[in-house]
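These are the residues of each chain, in order.
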Amino acid sequence: MVRRYYDLPSLTALAVFEASARHLSFKLAAAELNVTPGAVSRQIKAIEDELGVPLFTRLATGVALTSAGEELYSVLASGFSRAADIVRNVKRGDRSKYVTLACSDAFASMWLIPRMPDFWTQYQDIAVDHLISDNPRDYRRAEVELRIRYGFGSWSNEHAELLFDETIYPVCGPRFASTHRDATTDSLADLPLLHVDWVDPDWTGWDEVLRRAGVPHGSTRGRRFGKFFVALQAAQADQGVAVGWHRLVKAQIDEGKLVRVTDLELPAPGGYYLTWNENRVLSPAAESLRSWIREIAAQERGN
């Protein structure tokens, strides 16, 4: 048998591993690659046998990467991203005019998109593709050059630059606030609370808000939503109280669609960061978008 020049497992097996590691699911990897889950399992077993170490820990709810798997995934994700860059450059012919930015649904709809007209005015020749997802694993996709994400400023292989911090407080609709004008911080747990099931665990929910405020509470009952924006719509419709993130809800408060309830106000544990791959050279379009985001963030600090 002719020895492989780079002494690597087959590219097919590496591609299957990368998709499985990115999704942390053989089933989702199979759907992406248009093969059966059994075929994915066989490729993973083959690469593990060749390397002589397990790459995944099999769990009842799915799979998790071992330390060896994390190391291999980090290298492959970076390499595939760079290769994808080159392929897109060849197809498009001019990389300088394209950039993909990733952020959460809440940040995109309530902060970024309302401010984008200013960018279009300044940079009419740049096309921005928006990857909007509440699952931070999607931010590793090859086409993403810039990310705006909430958290604590530490992500593997990413340079993180703080844009601004955040404050959280309870918000509700005007009629609900009028009906519950005697509500206090200590009575918040007795009100109908609107919960958001964040995919990213860094975002703060009601249980943590009440705990940090020193409010005794048991199980925090209430309606649950998969999207922050939908929870705010329910709050506007006087259906309960949501955790308001100041940078995201300020416009709605200014318009009178939402009001603050009680005097509770807490600094959020994390902040909003602009991040990019530390092992990747940004395109000219990405550099222009990064500069614009920095300028807008600097104008809004302290507001």
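Note that the coordinates shown come from a computational prediction; the quantities given were computed from them, not determined experimentally.

Rules and cut-offs
Residues numbered from 1 in each chain as written. Predicted model: local features only at pLDDT ≥ 70, side-chain atom pairs only at ≥ 80, totals over all residues. Heavy atoms only, no water. Helix = DSSP H or I, 4+ residues; strand = E, 2+ residues; numbered from the N terminus. UniProt positions renumbered as here; feature names shortened; annotations may be inferred. Core = buried A, V, L, I, M, F, W, Y, C linked by side-chain atoms within 4.5 Å. Buried < 20%, exposed > 50% of the residue type's maximum accessible area, 1.4 Å probe, protein only. Contact = heavy atoms within 4.5 Å. Phe/Tyr/Trp six-rings, centres within 6.5 Å; stacked < 30°, edge-to-face > 60°. Pairing = 2+ DSSP bridges. Right-handed = clockwise from strand over helix to strand, strands pointing away. pLDDT = per-residue confidence, 0-100. Polar contact = N/O pair within 3.5 Å; in protein donor to acceptor, adjacent residues only side chain to side chain. Expected span 1.5 Å × (residues − 1). Bend = angle between axes of the 7 residues up to and from the residue.

Enquirer: Can you walk me through the environment of S78 in this structure?
Expert: With respect to the element layout, S78 can be found in helix α4 (residues 67–92). For S78 and D134, which are 56 residues apart along the polypeptide, the C-alpha to C-alpha distance reads 22 Å.

Enquirer: What is the right way to read the UniProt feature "domain: HTH lysR-type" (unreviewed entry) in the protein chain from this model?
Expert: Here, UniProt's "domain: HTH lysR-type" (unreviewed entry) annotation points to residues 9–66. Between the C-alpha atoms that bound residues 9–66 the distance is 18 Å, and the span itself is 62% helix and 14% strand.

Enquirer: Would you mind showing me how to read the nonpolar core here?
Expert: As a rule of thumb, nonpolar side chains are buried together in soluble globular proteins. Of all hydrophobic cores here, the largest spans 64 residues; its most connected members are F107, L146, F228, W245, L248 and L289. Looking at this core element by element, the count peaks at eight residues for helix α5 (residues 105–122). In this structure, W245 is in contact with Y150, E166, T167, I168, W198, W203, T204, F228, A268 and Y272, ignoring residues within four places of it in sequence. Grouped together as the second largest cluster of nonpolar side chains are 17 residues, A13, L14, F17 and Y73 included.

Enquirer: When you look at the packing of aromatic side chains in this model, what are you seeing that I'm missing?
Expert: The geometry of an aromatic ring pair comes down to the distance between the two centres and the angle between the two planes. If you walk through the whole model with that rule in mind, you get 18 aromatic pairs. Ring centres of W155 and Y273 lie 5.7 Å apart, and the angle between their planes is 75 degrees; this geometry places the pair in the edge-to-face category. On the criterion of sequence distance, the pair formed by W155 in the loop between β5 (146–151) and β6 (158–172) and Y273 in strand β11 (residues 266–277) is long-range, its members being 118 residues apart. An identical accessibility class is assigned to W155 and Y273; each is buried.

Enquirer: Explain the pairing of strand β3 (residues 98–103) here, please?
Expert: Two faces, one strand: in a regular strand the side chains alternate between the faces of the sheet. Most of β3 is tucked away: five of the six residues are buried. Of the pairings in the sheet, the one linking β3 to strand β4 (residues 127–132) comprises six bridges and is parallel in character. Within the sheet, the bridge partner assigned to T100 lies in β4 and is D129. Crossover handedness for the path β3 to α5 to β4: right-handed. With three bridges connecting them, β3 and β5 associate as parallel partners. Note that in β5 the partner of L101 across the bridge is L146.

Enquirer: How should I be thinking about the environment of A234 in this particular structure?
Expert: Mapped onto the fold, A234 is located in helix α8 (residues 228–236). When its relative accessible area of 5% is taken as the criterion, A234 is described as buried. Each residue touching A234, except ones within four places of it in the same chain, is listed here: L194, R223, F225, Q239 and G240.

Enquirer: So what exactly am I meant to see when it comes to the pairing of β11 here?
Expert: By the criterion of burial, β11 is predominantly enclosed, with 10 of the 12 residues buried. Across five bridges, the pairing between β5 and β11 is antiparallel. Its bridge partner being in β11, I148 is matched across the sheet by L274.

Enquirer: So what exactly am I meant to see when it comes to the confidence of the model for the protein chain here?
Expert: Atomic detail in the predicted coordinates should be set aside for any region of low pLDDT. Scored by pLDDT, the protein chain comes out at a mean of 89, with 94% of its residues at no less than 70. For the protein chain, per-element mean pLDDT is lowest for α4, which scores 79, and highest for strand β9 (residues 241–245), which scores 97.

Enquirer: Just checking my understanding: could you explain the side chain of R147 for this structure?
Expert: Position of R147 relative to the elements: it lies in strand β5. At 2.9 Å, the side chain of R147 and the backbone oxygen of Y139 are in polar contact. Apart from residues lying up to four places away in sequence, R147 is in contact with L101, A102, Y139, E158, Y273, L274, T275, W276 and N277.

Enquirer: I'm lost on unusual backbone geometry in this one. Help?
Expert: Glycine aside, a negative phi is what most residues show, and trans is what most peptide bonds show. Backbone geometry places N34, a non-glycine residue, at a positive phi of 60 degrees. A positive phi angle, near 65 degrees, is found at N157, a position not held by glycine. Among the structural elements, N157 can be located in the loop between β5 and β6.

Enquirer: How should I be thinking about α5 in this particular structure?
Expert: Owing to its 3.6 residues per turn, the α-helix aligns residues three or four sequence positions apart on the same side. Taking 1.5 Å of rise per residue, 18 residues should cover 26 Å, and α5 covers 24 Å from first to last C-alpha, within 8% of that figure. A bend of about 50 degrees at L112 is the largest found in α5, and the proline P114 appears one to four places after it. Those residues of α5 not exposed but buried are A106, F107, A108, M110, W111, L112, M116 and F119.

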